[in-house]
Amino acid sequence: MSENATPVFQIQRVYLKEASLEQPNSPAILLEQQQPTVDIQLGVEATPAAEGVYEVAVTATVHTKIGDKTVFLAECKQGGIFEIRNLPEDQMGPIMGIACPQIVYPYLRGNMADLITRAGFPPVHLAEINFQAMYEQQQAEQAGATAQ
């Protein structure tokens, strides 16, 4: 391997790309005594930003309801900019789908808990995620979809 082909993997920046919180039924819903149901959805996306530079974003959506009424809906998207060069093509998928999200996710967890707490609710702590298992499941689903 020549000097110019040395693999590079560097974090350029981690940042909160987007955050929103809605309480459409406040203040009446806050007087309810029932425990709300909590639905949490996660997503990962990777996009090229420049030559050898990629943005990887992890999004979490937390939707709490009492019955059919929303208590709050919170969404955060945490982004990271990564310089990734001279890696074999077959390693790019796991780097973007496993390594980068693992770096970004702890920041997302903190920002989501902070946002919900600042809105006056007990914090929702997002669970640890096994991004390798999530990536492998997505790959298996894609392989199954293309086989049909």
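Please refer to the structure placed before this passage.
Quick caveat: nothing in here was measured; it's all calculated off a predicted structure. (Residues numbered from 1 in each chain as written. Predicted model: local features only at pLDDT ≥ 70, side-chain atom pairs only at ≥ 80, totals over all residues. Heavy atoms only, no water.)

Engineer: Just checking my understanding: could you explain the overall build of the protein chain for this structure?
Structural biologist: Check the secondary structure of the protein chain and you find 2 helices and 4 strands. Taken over C-alpha atoms, the radius of gyration comes to 19 Å for the protein chain, far larger than the 15 Å a tight globule of 148 residues would show. Taken along the three principal axes of its C-alpha coordinates, the protein chain extends 65 × 40 × 20 Å. Residues counted as buried form 31% of the 148 residues belonging to the protein chain. Total accessible area on the protein chain is roughly 9100 Å²; 50% of this is exposed by carbon and sulfur atoms. Treating the 8 positive side-chain charges of the protein chain as one cloud and the 17 negative ones as another, the clouds have centres 8 Å apart. (Helix = DSSP H or I, 4+ residues; strand = E, 2+ residues; numbered from the N terminus. Rg over C-alpha atoms; globule rule 2.2 N^0.38 Å. Buried < 20%, exposed > 50% of the residue type's maximum accessible area, 1.4 Å probe, protein only. Areas by Shrake-Rupley, 256 points an atom, 1.4 Å probe, with all protein chains shown as cover. Lys, Arg positive; Asp, Glu negative; His and termini not counted. Charge placed at Lys NZ, Arg CZ, Asp CG, Glu CD.)

Engineer: Just to check I follow, could you spell out the environment of isoleucine 103 for this structure?
Structural biologist: Structurally, isoleucine 103 can be placed in helix α1 (residues 89-118). The class for isoleucine 103 is partly exposed, based on a relative accessible area of 23%. Residues isoleucine 103 and valine 14, 89 residues apart in the sequence, show an inter-C-alpha distance of 8.7 Å.

Engineer: Can you walk me through the side chain of glutamine 78 in this structure?
Structural biologist: Looking at the secondary structure, you find glutamine 78 in strand β4 (residues 69-85). For glutamine 78, a relative accessible area of 2% corresponds to the buried category. Reaching out from glutamine 78, the side chain makes a polar contact with the side chain of asparagine 111 at a distance of 2.7 Å. Setting aside anything within four residues of it in sequence, one finds glutamine 78 in contact with Val14, Tyr15, Leu16, Lys17, Val56, Ala57, Val58, Val104, Tyr107, Leu108 and Asn111. (Polar contact = N/O pair within 3.5 Å; in protein donor to acceptor, adjacent residues only side chain to side chain. Contact = heavy atoms within 4.5 Å.)

Engineer: Can you walk me through the sheet that holds strand β1 (residues 8-22) in this structure?
Structural biologist: Picture the strands of a sheet paired through backbone hydrogen bonds; they go either parallel or antiparallel. Pairing within the open sheet is antiparallel, and its 4 strands lie in the order β1-β4-β3-β2. The sheet is open, and its two borders are formed by β1 and β2 (37-50), each paired with just one other strand. Sheet twist, expressed as the mean angle between neighbouring strand axes with direction ignored, is 15°. Direction of pairing for strand β3 (residues 53-66) relative to β4: antiparallel, over a ladder of 14 bridges. Following the sheet pairing, alanine 60 is matched in β4 by cysteine 76. Along the sheet, α1 makes contact with β1, β2, β3 and β4, crossing β4 at roughly 140°. (Pairing = 2+ DSSP bridges. Axes fitted to C-alpha atoms, helices over the stretch in contact; angles between N-to-C directions.)

Honestly, that's just the spatial picture; any functional story needs more than this.
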